[in-house]
Amino acid sequence: MSKSTNISWHDSIITKTERQTKNKHKSAILWFTGLSGSGKSTITVELERKLYQLGIYTYRLDGDNIRHGLNKNLGFSPEDRTENIRRIGEVAKLFVNAGVLTLTAFISPYREDRNQVRALVAEREFIEVYVRCSLEACEHRDPKGLYQKARSGEITGFTGIDAPYEEPINPELTIDTEEQSLDEAVQQVINYLLENEYLN
Ligand SMILES: Nc1ncnc2c1ncn2[C@@H]1O[C@H](COP(=O)(O)OS(=O)(=O)O)[C@@H](OP(=O)(O)O)[C@H]1O
Ligand SMILES: Nc1ncnc2c1ncn2[C@@H]1O[C@H](COP(=O)(O)OP(=O)(O)O)[C@@H](O)[C@H]1O
């Protein structure tokens, strides 16, 4: 719902296609989704490092980081999570327009919210990457000690414990971090980008 009236759109003279041509690669959103502790941050950090080495213009948007700034007024209610993802989607779209290969790492537990982001950009510009890992394994890893806090009741509404996670139905990519090493996961994404001509 828009509150703004009397506003008009101003196109830039430089187009997204021109920026992509200059950068020598396509821009798109690589949308990583999965439980807390599944590996989204670990994989996107390493993937970005590799892509940077290949000369690709990238930027990484990460749940914990964005919630320190742009979205610091949002919590973890269903409504706030939806608004969180909506804003990230809009920011990611701007990065795509700027010619950047954009990596996002958010739990993004609701299918509908992820599909809304997909609908914001062109068909090939949204690549959903499901970072699959069982709740048991995530809880065992518990890199930030949050599952322990959720089990003890110190945190409520924690994804996987007492808040839902809706698995992607038809993601472009699935990475199973109980089966695949970090290097294998990163290579799988790079192969996808090469095979589908996002990279040359
Ligand atoms: N209640 C609750 N549920 C889930 N996660 C919680 C919660 N409270 C804090 N955290 C921490 O916030 C990180 C998830 O933020 P996101 O912006 O990715 O969440 S969401 O997409 O809006 O659901 C998440 O980071 P990751 O572990 O990297 O996923 C947690 O560190
Ligand atoms: N194959 C793997 N891929 C990614 N992370 C892994 C893998 N195996 C174990 N891990 C570990 O799992 C944890 C994942 O944490 P993190 O990347 O913060 O997850 P998320 O961002 O999804 O919350 C890290 O401690 C990481 O070292």
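On a predicted model such as this, the values are computed, not experimentally measured, just so you know. (Residues numbered from 1 in each chain as written. Chains lettered and ligands numbered in written order. Predicted model: local features only at pLDDT ≥ 70, side-chain atom pairs only at ≥ 80, totals over all residues. Heavy atoms only, no water.)

(A) Examining the site of ligand 2 more closely. Not every one of the 15 residues close to ligand 2 is listed here, only the nearest: Gly37, Lys40, Ser41, Thr42 and Gln180. At 2.8 Å from an oxygen atom of ligand 2 is found a side-chain nitrogen or oxygen belonging to Ser41. Taken by itself ligand 2 offers 570 Å² of open surface, and the protein chains cover 74% of this. With four residues, helix α2 (residues 40–53) is the single largest residue contributor to the shell around ligand 2. When grouped by side-chain class, the residues that make up the shell around ligand 2 number four nonpolar, nine polar and two charged. (Near = heavy atom within 4 Å. Polar contact = N/O pair within 3.5 Å; in protein donor to acceptor, adjacent residues only side chain to side chain. Areas by Shrake-Rupley, 256 points an atom, 1.4 Å probe, with all protein chains shown as cover. Helix = DSSP H or I, 4+ residues; strand = E, 2+ residues; numbered from the N terminus. Nonpolar A, V, L, I, M, F, W, Y, C, P; charged D, E, K, R; others polar.)

(B) Main features of the site of ligand 1. Surrounding ligand 1, one finds 21 residues, the nearest of these being Ser36, Arg67, Arg81, Asn84 and Ser108. Between an oxygen atom of ligand 1 and a side-chain N or O atom of Lys144, the distance comes to 2.9 Å. In isolation ligand 1 exposes 630 Å². Once the protein is present, 92% of that is buried. Put simply, ligand 1 lies in the largest pocket. Elements with a contribution of two residues or more to the shell around ligand 1: α2, α3 (63–66) and α4 (78–97). Ranked by the residues each element gives to the shell around ligand 1, the list is headed by α4, at three residues. (1 Å grid on protein atoms, 1.4 Å probe; cavity = no way out; pocket = protein on both sides within 12 Å on 5 of 7 lines; lining within 4 Å. Sits in = over half its atoms within 2 Å of the grid points.)

(C) The packing of α4 against helix α5 (residues 111–120), seen in detail. Closest axis-to-axis distance for the α4/α5 pair is 9 Å, and the angle between their directions is 20°. With respect to their mutual orientation, α4 and α5 come out roughly parallel. Both α4 and α5 take part in a crossing whose hand is right-handed. Taken together, the residues of α5 that come into contact with α4 (itself represented by Arg81, Thr82, Ile85, Gly89, Glu90 and Lys93) are Asp113, Val117 and Leu120. Residues of the contact of α4 with α5, tallied by class, amount to three nonpolar, two polar and four charged. (Axes fitted to C-alpha atoms, helices over the stretch in contact; angles between N-to-C directions. Parallel < 35°, antiparallel > 145°, perpendicular 65-115°, else oblique. Left-handed = near helix turned anticlockwise from the far one by under 90°. Contact = heavy atoms within 4.5 Å.)

(D) Representation of the environment of Tyr130 in the model. Inspection of the secondary structure puts Tyr130 in strand β4 (residues 126–132). Here Tyr130 is in contact with Thr33, Tyr165, Glu167, Pro168, Pro171, Leu173, Thr174 and Ile175, once residues within four sequence places are set aside. Of the polar contacts made by the side chain of Tyr130, one reaches the side chain of Glu167; its length is 2.8 Å.

(E) Structural view of the state of the cysteines. Applying the stated criterion to the full structure yields zero disulfides. Unpaired in this structure, Cys138 has its nearest cysteine sulfur neighbour in Cys133, at a distance of 3.6 Å. A relative accessible area of 0% means that Cys138 is categorised as buried. (Disulfide = S-S within 2.5 Å. Buried < 20%, exposed > 50% of the residue type's maximum accessible area, 1.4 Å probe, protein only.)

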